[in-house]
Amino acid sequence: MTDTDTTREWILAERPRGEPDLDCFDFRERDRPSPDAGELLVRVRYLSVDPYMRGRMRDAESYAEPWAVGDALQGGVVGEVVESADDRYEPGDLVVGNGTWADHAVLDADDVAPVDPAVADPPAYLGVLGMPGRTAYFGLLEVGEPKPGDTVVVSGAAGAVGSVVGQIAKLNGCRVVGFAGTDEKTEWLTAGLGFDAAINYRTADDYGAALAEAAPDGVDVYFDNVGGPITDAVFRDLNLDARVAVCGQIAHYNDEETPTGPRKLPLLIAARARVQGLLVSDYATRFDEAADRLSKWVADGEIEHRETVVEGLENAPDAFLGLFSGDNVGKQVVRVD
Ligand code: NAP
Ligand code: FER
């Protein structure tokens with residue numbers, strides 16, 4: 001066997017308790033897989049690391065199937081087709097689909113879409129033009145139901161989903177306030193993306209006072225990516241008929257216990273607020289609509305996007321762990337080749 005017959009891939013070595021660390025991952029070399037009918041073998045160029053993968057490390061049924069210990073880690077990839085067993089694609093095509101954390105991955109051609117570098121750089125297909133962009137689009141417009149003049153608050157605002165949510169809200173005539181974890185991020189939100197205000201939740205000591213200043217008319221839409229104390233503060237400021245889109249709760253993904261006790265639901269009563277969870281996959285029949293609108297906004301310069309690129313497949317676990325310490329601005333990807 002020569003080097004070219006093998007591929008390197010990451011597997012789940014053990015399940016984390018609490019915060020995951022590098023011990024959860026193992027790097028191994030294996031025979032390069034071959035595509036069956038309807039599949040493509042791609043050389044992976046970029047792979048996506050996402051917060052929901054923390055849920056897949058857990059041995060519990062959820063919307064995402066748990067990874068088995070010893071199995072290859074899965075995720076979105078952009079890759080170049082090297083072997084095709086499907087009429088629609090041929091070697092050399094650049095595609096985005098569901099692969100593995102590996103040099104080479106087998107993709108189901110039914111779930112693959114073409115990548116057009118003339119529209120955006122390939123990693124954008126894992127961010128603004130991929131799953132996070134679709135989440136922002138449907139989550140804000142369908143669950144948040146923003147109206148012109150509304151105040152929209154978004155947590156995790158400088159991340160892959162949040163940065164797109166805020167910009168779509170601006171395109172809809174809203175006042176937009178973001179929470180993010182560094183001054184570099186809050187500066188990008190206001191000076192770069194046109195947010196009206198941004199709060200660094202790591203340095204602000206009174207979220208209520210910061211919100212009163214940033215959202216003086218209260219909050220009509222809260223797009224929640226994080227949960228925790230930021231969400232507690234926003235709940236105190238909801239206007240009549242406010243909508244809360246619960247997209248993610250990353251502040252709780254490493255919790256081993258569900259916190260109980262008097263929480264913030266009483267605050268919803270007077271506001272008659274609606275709190276609704278969302279899953280991007282529920283909008284699958286409308287993904288073409290989101291792709292069309294998002295790619296047009298990107299091409300016209302109405303939506304800006306950033307990707308934070310970690311170099312090298314060997315660093316994929318660090319890129320994933322960095323999501324929990326806020327190492328990324330915009331979408332976190334790993335460059336593989
Ligand atoms: P992301 O925002 O690009 O990355 C995660 C960010 O979360 C980090 O950059 C960090 O930024 C922030 N963060 C981490 N720990 C935090 C904490 N304890 N408190 C506050 N902020 C914290 O990730 P994404 O891919 O765009 O996903 C954002 C959220 O949406 C996640 O919760 C994810 O699970 C969810 N999501 C849901 C769906 C769905 O269908 N429901 C689909 C996609 C994503 P800071 O520097 O600001 O802390
Ligand atoms: C999906 C539904 C939800 C999916 C990802 C998510 C990759 C993400 C959820 C989260 O980040 O919390 O079908 O496909």
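Because the structure is predicted, anything quoted here is derived from the model rather than measured.

K.L.:
Could you clarify how one ought to interpret the site of ligand 1 in this entry?
P.N.:
In the region of ligand 1, 27 residues are neighbours, and V161, K185, Y201, Y253 and N328 sit closest. One of the backbone N or O atoms of G181 is found 2.9 Å from an oxygen atom in ligand 1. Between ligand 1 and C247 there is a distance of 3.0 Å, counted from a nitrogen atom to a backbone nitrogen or oxygen. Broken down by secondary-structure element, the contributors of at least two residues to the shell around ligand 1 are α2 (131-144) and α3 (160-171). For the shell around ligand 1, a count of residues per class yields 16 nonpolar, nine polar and two charged.

K.L.:
Even after reading the chapter, I still don't get the site of ligand 2, so can you show me in this structure?
P.N.:
Residues in contact with ligand 2, as listed here, are Y52, Y63, M131, Y253, L279, V280 and S281. In this structure, an oxygen atom belonging to ligand 2 sits 3.2 Å away from a side-chain N or O atom of S281. Considered on its own, ligand 2 offers 360 Å² of accessible surface; in the complex 72% of this is hidden by protein. In terms of residue class, the shell around ligand 2 is made up of six nonpolar, one polar and no charged.

K.L.:
Would you mind going over the domain arrangement of the chain with me for this structure?
P.N.:
How large an interface is tends to be reported as the accessible area lost when its parts come together. Each domain of the chain was delimited in the assignment, giving domain 1 (6-127 + 306-335) and domain 2 (131-281). Between the C-alpha centres of domain 1 and domain 2 there is a distance of 28 Å. At the interface, 22 residues of domain 1 touch 16 residues of domain 2. Roughly 1600 Å² is buried in total at the junction of domain 1 and domain 2, and carbon and sulfur atoms are behind 52% of that figure. Contact with domain 2 buries surface across domain 1, with Y63, R306 and V329 losing the most and accounting together for 26% of the total. For the interface between domain 1 and domain 2, the tally reads two salt bridges. Salt-bridge contacts for E184 lead to R306; the nearest nitrogen and oxygen are separated by 3.3 Å. Summed over the shared surface of domain 1 and domain 2, the result is eight residue pairs in polar contact (both at pLDDT 80 or more). Of the residues contributing to the side of domain 1 that touches domain 2, the split by class is nine nonpolar, six polar and seven charged.

The rules behind each value
Residues numbered from 1 in each chain as written. Chains lettered and ligands numbered in written order. Predicted model: local features only at pLDDT ≥ 70, side-chain atom pairs only at ≥ 80, totals over all residues. Heavy atoms only, no water. Near = heavy atom within 4 Å. Polar contact = N/O pair within 3.5 Å; in protein donor to acceptor, adjacent residues only side chain to side chain. Helix = DSSP H or I, 4+ residues; strand = E, 2+ residues; numbered from the N terminus. Nonpolar A, V, L, I, M, F, W, Y, C, P; charged D, E, K, R; others polar. Areas by Shrake-Rupley, 256 points an atom, 1.4 Å probe, with all protein chains shown as cover. Domains from an automatic or database assignment. Contact = heavy atoms within 4.5 Å. Buried area = accessible area lost by both parts, 1.4 Å probe. Salt bridge = Lys/Arg side-chain N within 4 Å of Asp/Glu carboxyl O.

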